Amino acid sequence: MRSHLPAALRRHPLLNDEYRENVAAVIRNARGLILWCERLDIAEAWQLPQGGVEPGEEREETLWREIAEELGIQDPRAVMTLVARADRPERYEFPVPVLQNWLRRGRPSALGQEQWFYLLEFHDDPSVITLKPPPGCTPEFRRVCWDDARKVETVVPFKRGALIGGLTQLGVITP
């Protein structure tokens, strides 16, 4: 599985051949627009709220935890409803520079992520989205916007295919 990587990465002890299990929240408002989040570390790079499943955690638990942490919503279940789950995960691989950066910091890394998509309906005032994470969590986003699925073109290229696959599974876009 590592054959496409430079030799130093192929042998790196902190790189494993697995895909990290992850969830992504497709949050739609009453007008049918999707909540997009601009990354704090990369201007104009938009994505959905997402995050890795912790050991012993169920995917749906991860979904609600990540929404609370990334969007700063104290009780996400009070402001949105889960309406659909994808039947299968979508995968993406991290590009070499991303892997190198992560491993250089001494952090273990998987080759990529196996992402499960969830569709949620948002039914509250958008002001509940503060982007202020709970204590001990790091902010990830600088701002949010409500837009249609065409915003997928602003997602970093290595994640774009998985995102399109997830949106298609949920019926948000058609192939």
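First, a word on scope: everything that follows refers to the structure included in this document. (Residues numbered from 1 in each chain as written. Predicted model: local features only at pLDDT ≥ 70, side-chain atom pairs only at ≥ 80, totals over all residues. Heavy atoms only, no water.)

1. Details of the packing of aromatic side chains
The criterion, for reference: For this analysis, a ring pair means two rings from Phe, Tyr or Trp (six-membered ring only for Trp) whose centres lie within 6.5 Å, classed as stacked if their planes differ by under 30 degrees, edge-to-face if by over 60, and tilted for the remaining angles. Should the NZ of a Lys or the CZ of an Arg lie within 6 Å of a ring centre and within 35 degrees of the ring normal, that charge is described as sitting over the ring.
Within this structure, the stated rule accounts for four aromatic pairs. What links up through ring pairs into an aromatic cluster is the set Tyr92, Phe94 and Phe158. Lying over the aromatic face of tyrosine 19, arginine 91 brings its terminal NZ or CZ to 3.9 Å of the ring centre.

2. Considering the environment of glutamate 90
In plain terms, the rule: Starting at the N terminus, helices and strands are each numbered in turn, a helix being any DSSP run of H or I of at least four residues and a strand any DSSP run of E of at least two. Throughout, a contact is declared for two residues whenever any of their heavy atoms are within 4.5 Å.
Assignment of secondary structure puts glutamate 90 in strand S6 (residues 90-93). Taking C-alpha positions, glutamate 90 is 22 Å from leucine 33, a pair spaced 57 residues apart along the chain. Contact partners of glutamate 90, with chain neighbours within four places excluded, come to Gln113, Glu114, Gln115, Phe117, Ala162, Gly165, Gly166 and Gln169.

3. Looking at the environment of arginine 31
Using the following cut-off: Three labels apply to residues, based on accessible area from a 1.4 Å probe with only protein chains included: buried if under 20% of the type maximum, exposed if over 50%, partly exposed otherwise in between.
Residue placement: arginine 31 occurs in the loop between strand S1 (19-28) and strand S2 (34-39). Accessibility expressed as a relative area gives 69% for arginine 31, which makes it exposed. Residues arginine 31 and tryptophan 146 lie 115 residues apart in sequence; the distance between their C-alpha atoms is 9.4 Å.

4. Notes on empty space enclosed by the protein
The test is simple: Two kinds of site are reported from a 1 Å grid over the protein atoms alone, namely cavities, where a 1.4 Å probe fits but cannot get out, and pockets, open sets with protein on both sides within 12 Å along at least five of seven lines, and residues are called lining when an atom falls within 4 Å of a point. Grid points are joined across faces, edges and corners, and a volume is the space filled by probe spheres set on the points. The residue classification treats Ala, Val, Leu, Ile, Met, Phe, Trp, Tyr, Cys and Pro as nonpolar and Asp, Glu, Lys and Arg as charged. All others, Gly included, are polar.
Using the criterion set out here, one finds one cavity of 30 Å³ or more in the structure. If you trace the largest cavity, you find it lined by Ala24, Gln47, Leu48, Gln50, Gln115, Phe117, Val155, Lys159 and Leu163. Looking at the lining of the largest cavity residue by residue, the class counts come to five nonpolar, three polar and one charged.

5. Focus: helix H2 (residues 59-71)
In plain terms, the rule: The span expected for a helix works out to 1.5 Å for each residue beyond the first.
Compared with an ideal rise of 1.5 Å per residue, which puts 13 residues at 18 Å, H2 spans 18 Å between its outermost C-alpha atoms and is within 8% of the ideal. Those residues of H2 that fall on the buried side of the exposure criterion are Thr62, Leu63, Trp64, Glu66, Ile67, Ala68, Glu69, Glu70 and Leu71. Structurally, H2 contributes buried residues whose contacts are with S1, S2, strand S4 (50-52), strand S5 (80-85), strand S7 (112-122) and strand S8 (141-147). Glycine 72 occupies a position one or two residues after H2 and carries a positive phi of about 70 degrees.

6. A short note on the side chain of glutamate 90
Condition: Residues counted as positive are Lys and Arg, residues counted as negative are Asp and Glu, and His and the chain ends are not counted. By salt bridge we mean one thing: a side-chain nitrogen of Lys or Arg within 4 Å of a carboxyl oxygen of Asp or Glu. Polar contact is the term for a pair of N or O atoms within 3.5 Å; when the atoms are in protein, one must be able to donate a hydrogen and the other to accept it, and sequence-neighboring residues count only if both atoms are side-chain atoms.
For the buried glutamate 90, no salt bridge exists, and the shortest N-O distance to an oppositely charged side chain is 4.1 Å, to arginine 88. A polar contact of 2.8 Å, which involves the side chain of glutamate 90, links it to the side chain of glutamine 169.

7. Remarks on unusual backbone geometry
The backbone phi angle of glutamate 44 is positive, close to 65 degrees, even though this residue is not glycine. With phi around 65 degrees, leucine 131 is a residue other than glycine that occupies positive phi space. Residue placement: leucine 131 occurs in the loop between S7 and S8. With a relative accessible area of 15%, leucine 131 lands in the buried category.

8. A closer look at the pattern of salt bridges
For the coordinates displayed, the defined rule picks out 13 salt bridges. Between aspartate 148 and arginine 150 there is a salt bridge; the shortest N-O distance is 2.4 Å. Through salt bridges with shared partners, one network takes in Glu38, Glu44, Arg142 and Arg143.

9. Here we look at the nonpolar core
Which entries qualify depends on this criterion: What is meant by a nonpolar core is a set of buried Ala, Val, Leu, Ile, Met, Phe, Trp, Tyr and Cys residues, joined one to another through side-chain atoms within 4.5 Å.
Counting 21 residues, the largest nonpolar core has Ile27, Leu63, Ile67, Leu71, Met80 and Leu120 as its most contacted members. At the level of secondary structure, the elements contributing two or more residues to this core comprise S1, S2, H2, S5 and S7. In this structure, isoleucine 27 is in contact with Leu33, Ile34, Leu35, Pro49, Ile67, Leu71, Met80, Leu120, Phe122 and Trp146, ignoring residues within four places of it in sequence.

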